[in-house]
Amino acid sequence: MAKDKKSAFPGSIRDQKNAANAEAEKVSAKIQESFGKLAKKMRERADKAKSKIDETQKPEKRAVLTRRFELYADAATYLEERLPPSDE
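Every value quoted in this text rests on a predicted model; they were computed, and no experiment measured them. (Residues numbered from 1 in each chain as written. Predicted model: local features only at pLDDT ≥ 70, side-chain atom pairs only at ≥ 80, totals over all residues. Heavy atoms only, no water.)

A. Structural detail: the pattern of salt bridges. Counted according to the given criterion, the structure contains five salt bridges. With its nearest N and O atoms 2.8 Å apart, the salt bridge here joins E80 to R43. Of this pair, E80 sits in helix α2 (residues 59-81) while R43 sits in helix α1 (residues 13-55), and the two are 37 residues apart along the sequence. Take E80: its relative accessible area is 35%, and that puts it in the partly exposed class. Here R43 falls in the partly exposed class, since its relative accessible area comes to 27%. (Salt bridge = Lys/Arg side-chain N within 4 Å of Asp/Glu carboxyl O. Helix = DSSP H or I, 4+ residues; strand = E, 2+ residues; numbered from the N terminus. Buried < 20%, exposed > 50% of the residue type's maximum accessible area, 1.4 Å probe, protein only.)

Here it is in structure tokens:
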């Protein structure tokens with residue numbers, strides 16, 4: 001009789017599955033945290049551009065600031081929509 005060859009994978013399949021799930025949760029949490037930080041940064045930049053619009057008289061500058069506000073606000077909204085609902 002031939003000897004059974006050992007699996008090339010260490011540990012049981014259940015342990016491997018648990019380790020993979022734990023790693024997936026850890027990476028997902030990091031990604032969500034990064035999305036949240038970036039969304040907050042974009043929202044702050046949108047608010048800053050919006051506050052400058054009210055102070056500006058030149059139509060050209062107002063148009064630039066308005067477009068900047070729109071782009072940052074859209075980016076923040078896009079990121080916020082991809083975040084899971086918070087418990088706060």
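B. Highlighting the environment of A76. One can find A76 in helix α2. When the C-alpha atoms of A76 and G36 are compared, they prove to be 9.1 Å apart, with 40 residues separating the residues in sequence. Ignoring any residue separated from it by four or fewer positions in sequence, one finds A76 in contact with A39, M42 and R43. (Contact = heavy atoms within 4.5 Å.)

C. Fine view of the environment of L38. In this fold, L38 is placed in helix α1. The exposure class assigned to L38 is partly exposed, which follows from its relative accessible area of 39%. As a C-alpha pair, L38 and E80 span 42 residues in sequence and 9.3 Å in three-dimensional space.

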